[in-house]
Amino acid sequence: MKVVVVGGTGLIGSKLVTKLGGRGHEAVAAAPNTGVNTLTGEGLAEVLAGAQVVVDVSNSPSFEPAAVMDFFVTSTRNLLAAEAAAGVGHHVAVSVVGTERMPENGYFAAKIAQERLIETSGVPFSLVHATQFFEFVRSIADEATAEGKTRIAPVRFQPIAGDEVAQAVGRVSVGTPLNGRLEVAGPEQVRMDEFFREALAAWGDAREVVTDPRARYFGSVPGERTLVPGEGAVLGKVRYRDWLDQNAAAGH
């Protein structure tokens, strides 16, 4: 089948295009650098012609609350309207585990708005909620660092390899629409501060990790289980330390 991957040149999108192509599907990467702009609508009608499935793994270029809200609302409205016109039968979007538990967070609020548009669009859909990607762990540490100290809350944390997110999204995209959500997470649930203490040590990073119950996660204070899935989640198999070792061996 023809699957259009919006954000198909990014971290998850590029992996997804490769995996779907390897299974014999026509996977098309749609992004501004391929002539498709979901904010303006440029190229949407052309790329969606003949598509059975659209997978949206795009992300906002800005994380300022108003900008991120505008990105997800505008791009999703344009995409859903173009899908309805093209007769697309399945819209898949990747979101974040815990969005509804931290609605005061600007990014999470924008993802909630995106999901509401999808749920009420009339286009059959599937939402894949993923925990934090291993690939973004360093940026989480950097965001939490001030004056040489990395302040992390002692809450539950269950990150996952981007490759395993792409696998899960690929399976969902060629299946029957869920008209609901699926959660995906890594194999190990740990305390976030302890995870980062071990991760920084593994990187050879001298920053001190300070356990701080009031520490913010991209502007908001997470609760004990804000960032981890509920029962029934699909769990990956790759542990963070093994992923680090594999990437070091591959020269990444």
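Placed above this text is the structure.
Just so it is clear, the structure is predicted and the values come from calculations on it, not from any experiment.

Enquirer: How should the environment of Val-54 be read in this particular structure?
Expert: Mapping Val-54 onto the fold places it in strand β3 (residues 53-56). Not counting residues within four places of it along the chain, the set of residues in contact with Val-54 comprises Val-4, Val-6, Leu-48, Leu-79, Glu-83, Val-88, His-90, His-91 and Val-92.

Enquirer: What is the right way to read the side chain of Gln-114 from this model?
Expert: Take Gln-114: it is sitting in helix α4 (residues 106-119). A distance of 3.4 Å separates polar atoms of two side chains, one belonging to Gln-114 and the other to Asp-56. Excluding residues within four positions of it along the chain, Gln-114 makes contact with Asp-56, Phe-72 and Thr-76.

Enquirer: Looking at this structure, how should I read the side chain of Thr-226?
Expert: Examined against the element boundaries, Thr-226 turns out to sit in the loop between β11 (208-211) and β12 (234-235). Residue Thr-226 is classed as buried on the basis of its relative accessible area, which comes to 5%. Among the polar contacts listed, one links the side chain of Thr-226 to the backbone nitrogen of Gly-223, at a separation of 2.7 Å. If we ignore the near neighbours within four places in the chain, the residues touching Thr-226 are Val-97, Gly-98, Arg-101 and Met-102.

Enquirer: Just checking my understanding: could you explain the sheet that holds strand β7 (residues 149-152) for this structure?
Expert: Two strands in a sheet stick together by hydrogen bonds in their backbones, pointing the same way (parallel) or opposite ways (antiparallel). Taken together, the three strands give an open sheet; going across it, the order is β6-β7-β11, and neighbouring strands pair in mixed fashion. With one partner strand each, in any of the chains shown, β6 (145-146) and β11 form the two edges of the open sheet. Bridging between β7 and β11 involves four bridges; their strand directions are parallel. The residue bridging Arg-151 from the neighbouring strand is Val-210, located in β11. Lying over the sheet, helix α7 (residues 192-203) contacts β7 and β11, oriented at roughly 175 degrees with respect to β11.

Enquirer: How should the pattern of salt bridges be read in this particular structure?
Expert: A side chain with one charge may pair with a side chain of the opposite charge, provided their charged atoms come close. Across all of its chains, the model carries 14 salt bridges by this definition. Residue Asp-163 is joined to Lys-19 by a salt bridge in which the shortest nitrogen-to-oxygen separation is 3.2 Å. Here the residue Asp-163 occupies a position in helix α6 (residues 162-173), and Lys-19 occupies one in helix α1 (residues 11-22), the gap between them amounting to 144 residues. Between Asp-193 and Arg-191 there is a salt bridge, with its nearest N and O atoms 2.7 Å apart. Asp-193 sits in the buried class, given a relative accessible area of 0%. Residue Arg-191 is classed as partly exposed on the basis of its relative accessible area of 29%.

Enquirer: I would appreciate a short explanation of unusual backbone geometry in the present structure.
Expert: Leave glycine aside and you will find that most residues have negative phi; peptide bonds, for their part, are mostly trans. One non-glycine residue, Glu-147, lies in positive phi territory at about 55 degrees. As for its placement among the helices and strands, Glu-147 is situated in the loop between β6 and β7. Within the chain, Asn-179 stands out as a residue other than glycine whose phi angle is a positive 45 degrees. As for its position among the elements, Asn-179 is in the loop between α6 and β9 (181-185).

Enquirer: I'm lost on the packing of α7 against helix α8 (residues 240-249) in this one. Help?
Expert: Helix-helix packing: each pair is described by the crossing angle between the helix axes and the interaxial distance. At their nearest, the axes of α7 and α8 sit 11 Å apart, and the two run at 20 degrees to each other. Here α8 runs roughly parallel to α7, going by the angle between their axes. Seen from above, α7 lies across α8 with right-handed handedness. The residues of α8 that touch α7, namely those facing Phe-195, Ala-199, Ala-202 and Trp-203, are Tyr-240, Arg-241 and Leu-244. Split into classes, the residues belonging to the contact of α7 with α8 amount to six nonpolar, no polar and one charged.

Definitions and cut-offs
Residues numbered from 1 in each chain as written. Predicted model: local features only at pLDDT ≥ 70, side-chain atom pairs only at ≥ 80, totals over all residues. Heavy atoms only, no water. Helix = DSSP H or I, 4+ residues; strand = E, 2+ residues; numbered from the N terminus. Contact = heavy atoms within 4.5 Å. Polar contact = N/O pair within 3.5 Å; in protein donor to acceptor, adjacent residues only side chain to side chain. Buried < 20%, exposed > 50% of the residue type's maximum accessible area, 1.4 Å probe, protein only. Pairing = 2+ DSSP bridges. Axes fitted to C-alpha atoms, helices over the stretch in contact; angles between N-to-C directions. Salt bridge = Lys/Arg side-chain N within 4 Å of Asp/Glu carboxyl O. Parallel < 35°, antiparallel > 145°, perpendicular 65-115°, else oblique. Left-handed = near helix turned anticlockwise from the far one by under 90°. Nonpolar A, V, L, I, M, F, W, Y, C, P; charged D, E, K, R; others polar.

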